[in-house]
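Secondary and tertiary structure notes
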Amino acid sequence: MKINKTNAMRQLDAAKIKYEMCEYEVDENDLSGTHIAEQIGLPFEQVFKTIVTKGDKTGYMVFCIPCHKEIDLKKAAAVTGNKKIEPLHVKDLLGITGYIRGGCSPVGMKKKFPTYFDRSAESLERLTVSAGVRGIQLLVNSDEIIKFTSARLVDITAE
């Protein structure tokens, strides 16, 4: 079966960054990263979810954190130079990023936004991010995806 390449896959291909596709069954009632991790057989620490936010000073930003963690908005605001940030409303996600909830990738958005990976990514050899569609995660080299997205490593998860 031929897979239609997503923007994320095309950009990684163009950059000669290798990835493995991890397909899973989409459950509309449970789009959580932990559910995805269980389906693809990877530890929660290795499956990253993408959260798009808007800061009061810097505008839109992208955060990638392990799927079982929550973002600490105060920490995220502090490391990005904002007083306050809030997650983007689901209804605005497609128009701003080109992606839908449950299929948002830090790679291949309509525009390049400042990107931040949770510091735990640096201790991993590989991690997954969404391929840009529900049903596929991309397993990539951690250092390569961080470098490709020009991401900063920061401490942004809640304790």
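Scope of this entry: the structure provided in the associated data block. Every chain is numbered on its own, with residues counted from 1 as its sequence reads. Predicted model: local features are reported for residues with pLDDT of at least 70 only, side-chain atom pairs are reported and counted for 80 or more only, and whole-chain, interface and lining totals are derived from all residues. Only hydrogens and water are set aside when side-chain values are computed; all heavy atoms of the structure are taken into account.

1. Section: the layout of surface pockets
The method works on a 1 Å grid over the protein atoms by themselves. A cavity is a set of points holding a 1.4 Å probe that cannot get out, a pocket is an open set with protein on both sides within 12 Å along at least five of seven lines, and residues with an atom within 4 Å of a point line them. Grid points are joined across faces, edges and corners, and a volume is the space filled by probe spheres set on the points. Estimates place the volume of the largest pocket at around 580 Å³. Of all the secondary structure elements, the ones that give two or more residues to the lining of the largest pocket are helix H2 (33-40), strand E2 (48-55) and helix H4 (90-97). The way it works is that DSSP assigns letters per residue, a run of H or I at least four long becomes a helix, a run of E at least two long becomes a strand, and they are numbered from the N terminus. When residues of the lining of the largest pocket are assigned to their parent elements, the largest contribution, five residues, is made by E2. Any residue that is not Ala, Val, Leu, Ile, Met, Phe, Trp, Tyr, Cys, Pro, Asp, Glu, Lys or Arg is counted as polar, Gly included; the first ten are nonpolar and the last four charged. Its residues assigned to classes, the lining of the largest pocket shows 13 nonpolar, eight polar and three charged. Empty space within the second largest pocket amounts to approximately 170 Å³. In this structure, the second largest pocket is lined by 13 residues; those nearest its centre are Gln11, Pro106, Gly108, Met109 and Lys112. A class-by-class count of the residues in the lining of the second largest pocket yields six nonpolar, four polar and three charged.

2. Let's talk about the sheet that holds strand E8 (residues 152-154)
One requirement defines pairing of two strands: DSSP has to find at least two bridges between them. Ordered by their spatial adjacency, five strands build an open sheet running E4-E2-E3-E5-E8, and the pairing between neighbours is mixed. Either end of the sheet is taken by a strand with one partner, and the two such strands are strand E4 (85-87) and E8. When the angles between neighbouring strand axes are averaged without regard to direction, this sheet yields 35 degrees. In the sheet, E2 pairs with strand E3 (residues 59-66) via eight bridges, with the strands oriented antiparallel. Bridge pairing in E3 places threonine 53 opposite methionine 61. Running at roughly 125 degrees to E4, helix H3 (residues 73-80) makes contact with E3, E4, strand E5 (115-118) and E8 of the sheet. To obtain an axis, a line is fitted to C-alpha atoms, over the contacting stretch when the element is a helix, and the angle between two such axes runs from 0 to 180 degrees between their N-to-C directions. Only heavy atoms enter the contact rule, under which two residues are in contact if any of them lie within 4.5 Å.

3. Looking at the sheet that holds strand E6 (residues 126-130)
If you trace the three strands from one edge of the open sheet to the other, you get E1-E7-E6, paired in antiparallel fashion. The sheet is open, and its two edges are formed by strand E1 (19-23) and E6, each paired on a single side. Along the sheet, successive strands turn relative to each other by an average axial angle of 30 degrees, direction set aside. Strand direction decides the pairing type here: E6 and strand E7 (residues 136-141), joined by five bridges, are antiparallel. Its bridge partner being in E7, valine 129 is matched across the sheet by leucine 138. Seen against the sheet, helix H1 (residues 7-14) touches E1 and E7 and runs at an angle of roughly 25 degrees to E7.

4. Some words on unusual backbone geometry
Only a minority of non-glycine residues have a phi that is not negative, and only a minority of peptide bonds are not trans. Non-glycine residue lysine 16 carries a positive phi angle of around 60 degrees. Inspection of the secondary structure assignment puts lysine 16 in the loop between H1 and E1. Positive phi, close to 55 degrees, is recorded for serine 150, a residue that is not glycine. As for its placement among the helices and strands, serine 150 is situated in the loop between helix H5 (142-148) and E8. Throughout this description, buried means an accessible area under 20% of the type-specific maximum (1.4 Å probe, protein chains only), exposed means over 50%, and partly exposed covers the range between. Judged by its relative accessible area of 54%, serine 150 is exposed.

5. What to know about the environment of isoleucine 145
Tracing the chain through its elements places isoleucine 145 in helix H5. The residues touching isoleucine 145, leaving out its near neighbours within four places in the chain, are Leu12, Val107, Phe117, Leu127, Val129 and Val140.

Bear in mind that shape data such as this cannot, by itself, settle questions of function.
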